[in-house]
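Residue-level listing of the chains:
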Amino acid sequence: MTITAPTRIITLTLALFALVLAGCGESEEDEFASDVNEICREATGDIRAAAGKRDELIAAVDRFIADLKAADPPEDQKDDYDAWVATQEKTFGELKSAIEANDQERIDAVSETAGDDQARELGLDDCTG
């Protein structure tokens, strides 16, 4: 079978198109960051909506931490992500404890920016205070 010039051009064009499409896909890290940023956006909305409603606020905090723990980071980000989640768990644990104790002073003292540098390094810009 002889390959004609038009067939060769079509084959090369399709191969180049496939390469371009492959290069346009999100990396595993980008996809993961996008997913976790969505978790943070949803949690922010849930927490704001629950303001002043103790039980709903505690439930929103618990859901947020559970969702973060359920996320599966790329292997090369696992240690950094786990460290950031631990920071969030500690911070939101302090917040939850202050809410349960109805201690406004402790609530106000909880840092909204805890772990922000860690989040930025992971591309989690929607997860910063």
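Before any of the text, the structure's been laid out above.
All values reported here derive from a predicted model rather than from experimental measurement.

A. Geometry of unusual backbone geometry. Positioned with a positive phi, Asn102 is a non-glycine residue whose angle comes to about 55°. Mapped onto the elements of the fold, Asn102 is located in the loop between α4 (78-100) and α5 (104-109).

B. Examining α4 more closely. Its 23 residues place the ends of α4 32 Å apart at the C-alpha level, agreeing with the 33 Å of an ideal helix rising 1.5 Å per residue. Those residues of α4 that fall on the buried side of the exposure criterion are Tyr81, Trp84, Val85, Gln88, Thr91, Phe92, Leu95, Ala98 and Ile99. Packed against the buried residues of α4 are α2 (28-49), α3 (54-70), α5 and α6 (116-121). Taken from the residues just after α4, Asn102 is the one with a positive phi, measuring 55°.

C. Spatial organisation of the packing of α3 against α4. Contact pair α3 / α4: the axes reach a minimum separation of 10 Å and the direction vectors enclose 170°. Looking at the two axes, α3 sits roughly antiparallel to α4. Residues Arg54, Leu57, Ile58, Val61, Asp62, Phe64, Ile65, Leu68 and Lys69 of α3 lie in contact with α4, whose contacting residues are Tyr81, Trp84, Val85, Gln88, Glu89, Phe92, Leu95, Lys96, Ile99 and Glu100. For the contact of α3 with α4, the class distribution of residues is 12 nonpolar, 1 polar and 6 charged.

Rules behind the numbers
Residues numbered from 1 in each chain as written. Predicted model: local features only at pLDDT ≥ 70, side-chain atom pairs only at ≥ 80, totals over all residues. Heavy atoms only, no water. Helix = DSSP H or I, 4+ residues; strand = E, 2+ residues; numbered from the N terminus. Expected span 1.5 Å × (residues − 1). Buried < 20%, exposed > 50% of the residue type's maximum accessible area, 1.4 Å probe, protein only. Contact = heavy atoms within 4.5 Å. Axes fitted to C-alpha atoms, helices over the stretch in contact; angles between N-to-C directions. Parallel < 35°, antiparallel > 145°, perpendicular 65-115°, else oblique. Nonpolar A, V, L, I, M, F, W, Y, C, P; charged D, E, K, R; others polar.

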